[in-house]
Amino acid sequence: MKQFLAVLSLLLLTACNTTVATFVPSFWDDNQSRSIINTYQLTKHIDCELPQNTQAQQIQRELEWFQLYSESKGMLQKDVLQLIAPMQKTATEWADRSKEKDPSPAYCKIKRELLQTQAELASRAILGRF
Amino acid sequence: MASLQDLAGCSSPWAAKRAKLALDIQSQRNSGALSPAEAAELMEDLIATDQLNEEADDMAVKAALVSAINIASKLL
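Remember, it's a predicted structure, so these values are computed and weren't measured experimentally. (Residues numbered from 1 in each chain as written. Chains lettered and ligands numbered in written order. Predicted model: local features only at pLDDT ≥ 70, side-chain atom pairs only at ≥ 80, totals over all residues.)

### Description of the overall build of chain A
Working step 1: Counting secondary structure elements, chain A contains five helices and zero strands.
Working step 2: Counting from the amino terminus, chain A carries its helices and strands in the arrangement α-α-α-α-α.
Working step 3: By the burial criterion, 36% of the 130 residues in chain A qualify as buried.
Working step 4: When contacts within chain A are restricted to residue pairs at least 6 apart in sequence, those whose partners lie at least 24 apart make up 83%. (Helix = DSSP H or I, 4+ residues; strand = E, 2+ residues; numbered from the N terminus. Buried ≥ 20, exposed ≤ 12 C-beta atoms within 10 Å, placed from the backbone. Contact = placed C-beta atoms within 7 Å.)

What follows is the structure, encoded as structure tokens:
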């Protein structure tokens, strides 16, 4: 009986842990707010006339900082990590593609617009928290 | 394509913006300014942006809910 209760408690705790991490929102954080605005600002200054790889890497690094900080902060940061994931994918693909040589100017301009839109959405959501 | 053109002129600003961007990617691909791989990647990014939009809305609702609960608890 004791073993059954121990297993049941463990299952309930695991379920609770998953539920808390999924449904409880993260709260206001000064460092996350600053980092996401830094990212937004970097996207605002993308210049398709300049070498693209350095610019892509700057955005990638800032998002990496955000990710590492949020992961280190604890389990209640899943919502913000999910929020920045599409931006990380967009920036990483850009960095990978521009490693050898710069992609076309048309590609850079559309990438810039997409990254700016994503950063704006993420900034509003992160700064709009309670 | 026809539905994208309809959406580009619709009253919802975010949907119109996304549809215009999709049409832009398509036309740049047709003109040869974008390679097939570049165009495919940008279309995927566009879809990911819409998913981010939903998550951002979800966070806004959760923030409003927490705020409302906090106000309600102070009134108890």
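So much for the structure itself; the text now carries on.
### Details of the overall build of chain B
Working step 1: The helix and strand tally for chain B stands at three helices and zero strands.
Working step 2: Its C-alpha atoms give chain B a radius of gyration of 19 Å, more than 25% over the compact-globule value 11 Å for 76 residues.
Working step 3: By residue count, 20% of the 76 residues in chain B fall in the buried class. (Rg over C-alpha atoms; globule rule 2.2 N^0.38 Å.)

### Digging into the nonpolar core
Working step 1: A:Leu83 and A:Ala122 are the most contacted members of the largest nonpolar core, which totals 34 residues.
Working step 2: The dominant element in this core, judged by the number of residues it contributes, is helix α5 (residues 105–127) of chain A, at eleven residues.
Working step 3: Sequence-distant contacts of A:Leu83, defined by excluding residues within four places in its chain, comprise A:Ala122, A:Ala125, B:Leu52, B:Glu55, B:Ala56 and B:Met59. (Core = buried A, V, L, I, M, F, W, Y, C linked by C-beta atoms within 7 Å.)

### Looking at the packing of α5(A) against helix α3 (residues 36–75) of chain B
Working step 1: Where α5(A) contacts α3(B), the axes come no closer than 9 Å and their chain directions differ by 10 degrees. One finds that α5(A) runs roughly parallel with respect to α3(B). Here A:Tyr107, A:Ile110, A:Lys111, A:Leu114, A:Thr117, A:Gln118, A:Leu121, A:Ala122, A:Arg124 and A:Ala125 of α5(A) come into contact with α3(B), specifically with B:Glu38, B:Leu42, B:Asp45, B:Leu46, B:Thr49, B:Leu52, B:Asn53, B:Ala56, B:Met59 and B:Ala60.
Working step 2: By residue class, the composition of the contact of α5(A) with α3(B) is twelve nonpolar, four polar and four charged. (Axes fitted to C-alpha atoms, helices over the stretch in contact; angles between N-to-C directions. Parallel < 35°, antiparallel > 145°, perpendicular 65-115°, else oblique. Nonpolar A, V, L, I, M, F, W, Y, C, P; charged D, E, K, R; others polar.)

### As for the environment of A:Leu42
All names here are of chain A.
Working step 1: Among the secondary structure elements, Leu-42 is positioned in helix α2 (residues 30–44).
Working step 2: Exposure remark for Leu-42: the 21 C-beta atoms within 10 Å place this residue in the buried category.
Working step 3: Each C-alpha atom, one on Leu-42 and one on Ala-119, is 9.5 Å from the other, the two residues being 77 residues apart in sequence.
Working step 4: In contact with Leu-42, other than residues within four places in its own chain, are Gln-58, Ile-59 and Glu-62.

### A look at the interface of chain A and chain B
You'll often see interface size given as the accessible area lost when the parts meet.
Working step 1: If you look at the interface, chain A gives 25 residues, while chain B gives 25 residues.
Working step 2: The biggest single contributor to the side of chain A that touches chain B is α5(A), with twelve residues.
Working step 3: Across the side of chain A that touches chain B, the residue classes tally to twelve nonpolar, six polar and seven charged.

### Some words on α2(A)
Residue and element names in this part refer to chain A.
Working step 1: Helix length check: α2 (15 residues) gives 21 Å between terminal C-alpha atoms against 21 Å at 1.5 Å per residue, within 8%.
Working step 2: Restricting attention to buried positions, one finds in α2 the residues Gln-32, Ser-35, Ile-36, Thr-39, Tyr-40, Leu-42 and Thr-43. For α2, the angular spread of buried residues about the axis comes to 160 degrees, placing them on one side. Exposed positions of α2 whose direction lies more than 90 degrees from the buried face are Asp-30, Asn-31, Arg-34, Gln-41 and Lys-44. (Expected span 1.5 Å × (residues − 1). Arc of directions from axis to C-beta.)

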